[in-house]
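# Working through the structure, step by step
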Amino acid sequence: MDSCDSVGRSKICDVRRCKKRMWLSVRVWPPYSILLCTFYTSHQRILAITVKRCIFMPISGEKEVTMRKVLIPKKDYVKELIKIIRVTKDEQKLRNLLSDYHEKDIAEAITFLTETERKHLYHVLGSERIAEIFSYFDDAEMYLEELSLEQAAKVISYMDADDALDVLDDLSESKKNEIVSHLDADAQKDVQKLLSYEEDEIGSCMTNNFVCISEELSVREAMSELVRQAGEHDNISTIYVTDTEEKFAGAIDLKDLIIARENTPLQEIVSSSYPYVYEHENISECVEKIADYEEDSIPVLTQDGKIAGILTATDIVELVDDAMGDDYAKLAGLTSEEDLKEPTIVSMKKRLPWLIILLFLGMAVSSVVGIFESVVAVLPIVICFQSLVLDMAGNVGTQSLAVTIRVLVDEDLDTRKKLALLGKEMKIGFLNGASLGVMALVFLGIYIHLFKKYAWMSAFLISGCVGISLVVAMVISGFVGTIIPMFFHKIHIDPAVASGPLITTVNDLVAVITYYGLAMVFLIDIFHI
């Protein structure tokens, strides 16, 4: 600091500015603490400052200002990029300026440019940089069409095989085949290999962007081989090792390779129990296992144990996200996740199977209501509160379903834990039902007396019937919403198949029988309302 005076356990410092940086100094008041860092204003770089209840000391007789935290405004790189692209005329200068920005931000900025500006940018950046940028587009079809066939093929050739396949999947079949035929030999081979896998196989998601070395090398030789391969492959944090037969033998963390002695045999630092998957494994069956390991990449092996490719952390996140999307779709009563761009007929086919099943379940519920026609004929007011009981039962069942599926996915439950979960959900249903039942008793009783002109006794008997029905229906709904996904999980069927609409329909059936049954027994047969 330029100046700093000690005052007991506190320090009083001034604010000083120099050409490229600003020193920020504060007075620290015990028992509060402060972590003091420097603000760099040059080159738009700022180091973080964390302050816990500090007082900035005035330089020129100003009052002390108490601050709890310093908020640093977030930079809008997309706006910066748009301005740079439109203002900078010199191509070399523009290329140098854009080299400081991430490809994701450039990809977002491109969406705001005109076609003429984009074509100029493609020319400036070149095919290799454009390939990195295009891999961040959700739909690259429009931008690929702005390139010539040869240039589009060159851009895709520079991509990792899995990214290239994602881009090609956005194109029409004829356009895809046309571009694939113009790819260079290596890229064409990699893309054709991925296209040979089924969509639900792990091999369709892997990339060939990885470093692989032989276990017979020394640490020094391995470092040299790593440097050589790093020119083509940038996934170097994990190095894969093969044996003399080129079969997978394990993996090495880059950190371990760096700190190892140069003459140490490579086998001493190889993790031979490193996780892996096979190329023809079903994605849905092994995605949970992959996510649990929390590695930055996992090798994909052929049936004879050789490395076919790897799954990167990005690939793993996408697989988990897709799995969650499918589970969410099943909870909503769809056969698979929908896409905004898919045809209406395709979306209709995904929804129709469950709707047909629910139609017949709804008929069953309606026929049960028909059994209680005599109750409605004698006491018509009970029908007013039917939807209240049914809705609450459905909501509780869906909540229990969501909790149970989450627990089943995240944990391995034995019988004791499953019974504990079942008891807990029923207990929650009872307590919530009791709370809502008391509220229904009071408020519905007043409502029925004031607006429906029933006597106080009759009004509270009816509202009491609704309250008791809520308690019973919510306890049973908690039980059903928990036991059904457990049953599906037990017979090795995805618990999400026990979807929200199914649980709701089953609970409707239970709630109707409970509500009208209580009304018939207590209100009509016992109290003769």
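Here's a quick rundown of the structure. Residue numbers run consecutively from 1 along every chain, following the written order of its sequence. Per-residue local features of the predicted model are confined to residues with pLDDT of at least 70, and side-chain atom pairs are confined, for both listing and counting, to 80 or more; whole-chain, interface and lining totals are unaffected and use all residues. The basis for every side-chain value is the complete set of non-hydrogen atoms in the structure, without hydrogens or water.

### Let's talk about the overall build of the protein
The helix and strand tally for the protein stands at 19 helices and 15 strands. Working definition: with a 1.4 Å probe on protein chains only, accessible area under 20% of the residue-type maximum means buried, over 50% means exposed, and in between means partly exposed. Here the protein holds 529 residues, and the buried ones make up 40% of them. The long-range fraction of contacts in the protein, counting pairs at least 24 apart against all pairs at least 6 apart in sequence, stands at 58%. By the criteria applied, helices consist of DSSP H or I runs no shorter than four residues and strands consist of E runs no shorter than two, each listed in order from the N terminus. Any two residues whose heavy atoms approach within 4.5 Å at even a single point are treated as in contact.

### Comments concerning unusual backbone geometry
The residue K453 is not glycine, and still its phi comes out positive at about 65°. By the secondary structure assignment, K453 is in the loop between α17 (415-452) and α18 (456-490). On the accessibility criterion, K453 (68% relative accessible area) is exposed.

### What about the packing of helix α1 (residues 77-87) against helix α3 (residues 103-110)?
Throughout, an axis means a line fitted to C-alpha atoms (over the contacting stretch in the case of helices), and angles, computed between N-to-C directions, take values from 0 to 180 degrees. Interhelical geometry of α1 versus α3 gives an angle of 65° and a closest axis separation of 9 Å. In terms of their interaxial angle, α1 and α3 are classed as roughly perpendicular. The two elements α1 and α3 meet at a crossing, and its hand is right-handed. Along its contact with α1, which presents Y77, V78, L81 and I82, the element α3 presents D105, I106, E108 and A109. Asp, Glu, Lys and Arg are counted as charged, while Ala, Val, Leu, Ile, Met, Phe, Trp, Tyr, Cys and Pro are counted as nonpolar; the rest, among them Gly, fall into the polar class. Its residues assigned to classes, the contact of α1 with α3 comprises six nonpolar, no polar and two charged. Convention used here: angles under 35 degrees read as roughly parallel, angles over 145 as roughly antiparallel, angles from 65 to 115 as roughly perpendicular, and any remaining angle as oblique. Handedness of each helix crossing follows the sense of rotation of the near helix against the far helix: counterclockwise by less than a right angle gives left-handed, clockwise gives right-handed.

### Examining the pairing of strand β11 (residues 238-242)
Taking burial as the measure, the five residues of β11 include five buried ones, the bulk of the element. Both faces of β11 are covered, namely the face carrying T238, Y240 and T242 and the face carrying I239 and V241. Note on pairing: DSSP must find at least two bridges between two strands before they are called paired. In terms of strand pairing, strand β10 (residues 211-214) meets β11 through four bridges, oriented parallel. Considered in β11, the bridge of V211 is made with I239. For the handedness criterion, the β-α-β arrangement of β10, helix α10 (residues 219-229) and β11 is classed as right-handed. With five bridges connecting them, β11 and strand β12 (residues 248-253) associate as antiparallel partners. Looking at the pairing, Y240 lines up with A251 of β12. Handedness rule for crossovers: strands pointing away from the viewer, path from the first strand over the helix to the second running clockwise, crossover right-handed.

### Let's talk about the sheet that holds β12
The three strands are arranged β10-β11-β12 in an open sheet whose pairing can be described as mixed. In the strand order of this sheet, the two ends are held by β10 and β12, each with one partner. Across the sheet, the mean angle separating the axes of adjacent strands is 35° when strand polarity is ignored. Along the sheet, α10 contacts β10 and β11; its crossing angle with β10, the most-contacted strand, is approximately 150°.

### Some thoughts on the packing of aromatic side chains
Note on aromatic contacts: the rings of Phe and Tyr and the six-membered ring of Trp form a pair at centre separations within 6.5 Å, being stacked when their planes are under 30 degrees apart, edge-to-face when over 60 apart, and tilted otherwise. Evaluation of the coordinates by the stated rule reveals 15 aromatic pairs. Here a set of aromatic residues connected by ring pairs shows up, and it is made of F210, Y240, F248, Y274, Y276 and Y278.

### As for helix α9 (residues 185-195)
The complete set of buried residues in α9 reads A187, V191 and L194. Axial view of α9: buried residues confined to an arc of 60°, hence all on one face. Turned more than 90 degrees away from the buried face of α9 sit A185, D186 and K189, all of them exposed. Against the buried residues of α9 lie α6 (149-158), α7 (161-169) and α8 (173-181). We call two N or O atoms a polar contact when they sit within 3.5 Å, provided that within protein one can donate a hydrogen and the other can accept it, with sequence-adjacent residues counted only if both atoms are side-chain atoms. The N-cap residue of α9 is D184: its side-chain oxygen and the backbone nitrogen of D186 are 3.2 Å apart. The arc in question is formed by the directions pointing from the helix axis toward the C-beta atoms.

### A closer look at the pattern of salt bridges
Where charged atoms from two side chains of opposite charge approach closely, those side chains can pair. Whenever a carboxyl oxygen of Asp or Glu lies within 4 Å of a side-chain nitrogen of Lys or Arg, that contact is scored as a salt bridge. Counted under the stated rule, the structure contains 13 salt bridges. Residues E80 and K75 are paired through a salt bridge, measuring 3.2 Å at the closest nitrogen-oxygen approach. For E80, a relative accessible area of 17% translates into the label buried. On the basis of relative accessibility, which here comes to 36%, the residue K75 falls in the partly exposed class. Salt-bridge contacts for R118 lead to E146; the nearest nitrogen and oxygen are separated by 2.5 Å. Here R118, found in helix α4 (residues 115-134), pairs with E146, found in the loop between α5 (141-144) and α6; they are 28 residues apart in sequence, far enough to count as distant.

### Observations concerning α4
For an α-helix, the turn length of 3.6 residues means that residues three or four places apart are oriented alike. An ideal rise of 1.5 Å per residue puts 28 Å on 20 residues; α4 reaches only 15 Å between its terminal C-alpha atoms. The largest bend in α4 amounts to roughly 110° and is located at G126. Inspection of α4 places R118, L121, Y122, V124, L125, S127, R129, I130, A131, I133 and F134 among the buried residues, and these make up the whole buried set. The elements touched by buried residues of α4 are α1, α2 (91-98), α3, α5, α6 and α7. The span expected for a helix works out to 1.5 Å for each residue beyond the first. Here the bend at a residue means the angle between the axes of two seven-residue stretches, the one that ends at it and the one that starts at it.

### Observations regarding the sheet that holds strand β15 (residues 307-312)
Ordered by their spatial adjacency, three strands build an open sheet running β13-β14-β15, and the pairing between neighbours is mixed. The open sheet has two edge strands with one neighbour each: β13 (277-278) and β15. Where β13 lies against strand β14 (residues 297-301), two bridges are found, and the strand directions are parallel. The partner of Y278 across the bridge, within β14, is L301.

### Comments concerning the side chain of T312
Of note, T312 is situated in strand β15. T312 gets classed as buried once you look at its relative accessible area, which sits at 12%. Excluding its chain neighbours within four sequence positions, the residues that come into contact with T312 are T207, N235, D296 and S297.

### Here's the deal with a negative patch on the surface
Judged by side-chain charge, D253, E288, D292, E294, E295, D296 and D412 come together as a negatively charged surface patch. As for its placement among the helices and strands, D296 is situated in the loop between α12 (283-293) and β14. Overall, the relative accessible area of 30% leaves D296 in the partly exposed class. Candidate patch residues must exceed 30% relative accessible area and have no salt bridge, after which like charges are joined if within 9 Å and Val, Leu, Ile, Met, Phe, Trp or Tyr side chains if within 5 Å. Per-residue accessibility takes into account occlusion by the displayed protein chains alone, with areas from the Shrake-Rupley method and a 1.4 Å probe. Positive charge is attributed to Lys and Arg, negative charge to Asp and Glu, and no charge count is given to His or to the chain ends. By convention, the charge on Lys lies at NZ, on Arg at CZ, on Asp at CG and on Glu at CD.

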